[in-house]
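Architecture and fold: a report
Listed here are the chains, written in short residue letters.
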Amino acid sequence: MTPRHTANTPLYLQLLQRLKTCFPGPVSEPVLDGYFIHTVSRFLDRVDDLKSAAPILGRSRRADYQNELGLKFPEETATVEQVTGLLAEYCQGMPIWAHPNSQVNVIPPTTIPSITAFVAAAIYNPNIIWDEYSARFAEAEIQTVSLVSDLVGYDPQLAGGVFTFSGTGTNFYGCKLGLEKVLGGKAMEEGVREDVKIVSSAASHYSRLNVSGWLGVGMKNLVTIPTTNNNDMSLPHLEEYLRRALDAGEKVGVIIATMGTTDAFGLDDLGAIVRLRDQLAREYLLPQPPHIHADAVIGWAWSVFKDYDFQANPLGFKARTLKALRHSLGRLGDLAQADSLGIDFHKTGYAPYLSSLFMVKDRRDLACLSREPEEMPYLYHFGSYHPGIFTLECSRPGSGALAAYANIRLLGKQGYRVLIGHAVEMAEMLRERLEAYPFIQVVNDRNFGPVTLFRAYPPGVDAEAAWRREVKDPAYRKELEAHNFYNRRVFQLTHDWAMRGEGVLLSWTDAYRHARYGREEGPPIAALKSYILSPWTDAAAVDMVARQVAEARNAMESER
Ligand SMILES: *Cc1c(COP(=O)(O)O)cnc(C)c1O
C-alpha cells in the first residue's frame, strides 16, 4: 500500500503520508489498528489519572475566557499524541456523574454499550438522513421506535418517530405538528399568518420559549397555566383558559403536558388533559382539536414499571419506594394517550448526549412536515428509508439512535426498573434523613422522583411553617428573599467541600417555583437540589447530604 518516495516526491505527498497515520486505517492492518487502540487506551489512562475521592476529574478552575479571545489558528500540524494529551486536559473539572457523591442534575452516567455505539458512529460516521448513508444505523432507529412504541403502548403499526437534536428538538417537532394541523398544513408553505396558541404549565421547560420564537408563533402566543403546589398543571385553570380562548375564536395549536418537570419531577395529569381536550372538541365542534404533546423526556423511563408486580415486589424495593413508583406511574402510565411524545435517552436512559427521540402516535401526522422528494433529488434516488424528507435536520448522526437501541437491549425493562428504582429508593431515603431535621423542609414532597428539592432555614425559624408562608403570604416576602439568600450560602459552602472531595455535589435552582399571591405571581423560591441517577449512590452518600447541610448551617453561625 505505501507508495515509495523519491527525492522529488512533492512535499505535500510526504505530509499526506504522515497524515494518514492520524486516521483509523481503511483496511485491516495490524500496525495501524494497534496504533488507534493504543492511542485511545492511553487517552483513557490519562483521564483515569485525574480521578480522586472527589466527584470531579482533576481540578476545576474558573476559566478566564478573556484570555482565549486572541487565539491564532495554528500553522503547523501537531501529532496525534500531542492532541490526545491536550484532550485529556479538557476533561479536567468534569463532574463524574457515576460518582456516589455526584447528585447534580438529570445527567446520567453512560453505559459501556451506549458509549460503544457512539464510538461506532464516530468511526464510521453514519448519517441517518437516509439509509443509503447509514445502513443498519437507520434500522436501529426504526427498531428503537418500535421498541419504545411497545413500551409506552403506542400501536407499532401506526406509530412513528425520529431521533433529533435534544429534548428541545422533541418539543419543536411536537409544536410544529400541532401548528401545521391547526392551520390545515399551510404554515410550511405560507408561513404562520395568524396567532396560534401553545399552552403549557408554569413549570414546563423553558425550551417552549425557543420553540415558539423559532417556529414563528411568537413568545406572546405562549399561554402559561399556573401549577398546583404539586408542580403539575392546574386543570381548572386550563379549562377556564381553553373555554375563554375557544369562545373568543382563538386557535389553540398545542397543549404540552410535562411528564416530569426539570426541577421537581412534577407530573401533569395527561389523561385528564386529553379528556378535557376531547370534551371541548365535541362541545365546540372543533375541526382540528389541539394536538397534545407529552414532554416526557424525563418521565418516559417509568413506563418500565407498568407491568411490575407491585404486590409481590420481586425486586425487593422498600414500601416507601413502592409507594413513590406507584404514584408516579399513576400519571406516567398514560403516555400512549398523547398524540406525540418526547423521550431523552440522555436523561433517564443512561446514554450519552445527544440521544433524543420524538414519537408520534400516528405517523401519518408526519406527512404535514414532508417536503416534496423532487426538491432533494440528489439524496433519494435509491434506498428505502428517507426520513430526510420530513426531518428538520439534514445530517442526523446515527449515534443517538444506536446508543438508545444498545441500552434497551442491554438493560431491558428489568435493568431500567433496577436503575430507576434504586434512584427513587435513594431519593426517598434522603427525604427521610432530611425530614428528621426541624430546620430543613423538602419542598417537592408530593413529587416522588429521583430529585429532591429542599430548603434550610436559620436558627429560630420553623422550617415547615416558614415555607407554608413563603409560597403564599405577601407579608412574608422579605423573609422569603432572605431565606433564598441563606440557602445560596449553604449551597456555596457544600459545593466547596464537595469539590475538595469532602462532600456531595448538589445543585441549585433559583426558582423551583414562584410564590403565588392570590392571582398574582410572587417572587421566585430557590432550592437546593439533589438529583440521584448513579447506580453507585448509597446510604452513606445520602447520609452525607443531610449532615453537610447541618454542618454548613453551623459554619454560617460561626461566620456571623
Ligand atoms: C431537559 C428538558 C428539556 C430539554 O431537553 P434538552 O435535551 O436539554 O434540550 C425539555 N423538557 C424537560 C421537561 C426537560 O427536563
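Structure first, text after, so check above.
Report follows, based on the coordinates. None of these values were measured; they are calculated from a predicted model.

Before going further, it helps to examine the pairing of strand E4 (residues 251–258). For E4, a buried count of seven out of eight residues is recorded, marking the element as mostly surrounded by other parts of the structure. Pairing between strand E2 (residues 196–201) and E4: four bridges, direction parallel. Across the sheet, Val199 pairs through a bridge with Ile255, a residue of E4. Bridge count for E4 against strand E5 (residues 291–295) is five bridges, and the pairing is parallel.

By the element assignment, Tyr241 lies in helix H9 (residues 235–247). Looking at Tyr241, the relative accessible area reads 8%, which means it is buried. Spatially, the C-alpha atom of Tyr241 lies 8.1 Å from that of Ile225, the residues being 16 residues apart in sequence. Apart from residues lying up to four places away in sequence, Tyr241 is in contact with Lys197, Val199, Val223, Ile225, Glu250 and Val252. Polar side-chain contacts of Tyr241 include one of 3.4 Å to the side chain of Glu250.

This paragraph deals with the site of the ligand. Inspection of the region around the ligand gives 13 residues, with Gly167, Thr168, Thr262, Asp295 and Lys347 positioned closest. One nitrogen or oxygen atom from the main chain of Gly167 is found 2.8 Å from an oxygen atom belonging to the ligand. At 2.9 Å from an oxygen atom of the ligand is found a side-chain nitrogen or oxygen belonging to Thr262. Relative to its free-state accessible area of 380 Å², the ligand is covered by the protein chains to the extent of 88%. More than half of the atoms belonging to the ligand lie within 2 Å of the grid points that define the second largest pocket. The greatest single-element share of the shell around the ligand, amounting to three residues, is contributed by helix H6 (residues 167–182).

Per the counting criterion, the structure on display carries zero disulfides. Of all cysteine sulfurs, the one in Cys368 lies closest to Cys175, which takes part in no disulfide; the gap is 13 Å. The exposure class assigned to Cys175 is buried, which follows from its relative accessible area of 1%. Cys394 carries a free sulfur, and the closest cysteine sulfur to it, the one in Cys368, is 18 Å from it. Overall, the relative accessible area of 54% leaves Cys394 in the exposed class.

By volume, the largest pocket is sized at about 1,300 Å³. Around the largest pocket, the lining is made up of 34 residues, and of these Leu44, Thr110, Thr111, Ile115 and Pro352 lie nearest the centre. Where the lining of the largest pocket is concerned, the elements lending two or more residues are helix H2 (30–48) and helix H4 (112–124). Counting residues domain by domain, the lining of the largest pocket receives three or more from each of domain 1 (12–94) and domain 2 (155–369). The volume enclosed by the second largest pocket comes to roughly 940 Å³. If you trace the second largest pocket, you find 43 residues lining it, with Ala203, Ser204, His205, Tyr206 and Thr262 closest to the centre. Those elements that place two or more of their residues in the lining of the second largest pocket are H6, helix H8 (207–214), strand E10 (507–517) and strand E11 (520–531). Here the residues of the lining of the second largest pocket sort into 15 nonpolar, 19 polar and nine charged.

What counts, and where the lines are drawn
- Position numbers for residues start from 1 in each chain and track the written sequence from start to end.
- pLDDT decides what is reported in this predicted model: residues at 70 or higher carry local features, side-chain atom pairs at 80 or more are listed and counted, and totals for whole chains, interfaces and linings draw on all residues regardless.
- Hydrogen atoms and water are omitted, and side-chain values are computed over all heavy atoms in the structure.
- Residue burial is assigned from relative accessible area. The probe radius is 1.4 Å, only protein chains are included, and a residue is buried under 20% of its type maximum, exposed over 50%, and partly exposed in between.
- Counting from the N terminus, the helices are the DSSP runs of H or I reaching at least four residues and the strands are the DSSP runs of E reaching at least two.
- Each pair of strands is called paired provided DSSP finds at least two bridges between the two strands.
- We call two residues contacting when some pair of their heavy atoms lies within 4.5 Å.
- For this analysis, a polar contact is any N or O atom pair within 3.5 Å, provided that within protein one partner can donate a hydrogen and the other can accept it, and provided that sequence-adjacent residues contribute only side-chain to side-chain pairs.
- Proximity is defined per residue: if any heavy atom of the residue lies within 4 Å of a molecule or strand, that residue is considered near it.
- The protein chains shown are the only cover counted for residues, whose accessible areas, like all others here, come from Shrake-Rupley with a 1.4 Å probe.
- Cavity and pocket criteria rest on a 1 Å grid covering protein atoms alone: a 1.4 Å probe that fits but cannot get out defines a cavity, protein on both sides within 12 Å along at least 5 of 7 lines defines an open pocket, and an atom within 4 Å of a point defines a lining residue.
- Criterion for pocket placement: a molecule counts as inside a cavity or pocket if more than half of its atoms are within 2 Å of its grid points.
- What counts as a disulfide here is a pair of cysteine sulfur atoms lying within 2.5 Å.
- Grid points are joined across faces, edges and corners, and a volume is the space filled by probe spheres set on the points.
- For the domain bounds, the source is a domain assignment made automatically or taken from a database.
- Charged means Asp, Glu, Lys or Arg here, nonpolar means Ala, Val, Leu, Ile, Met, Phe, Trp, Tyr, Cys or Pro, and polar covers whatever is left, Gly included.

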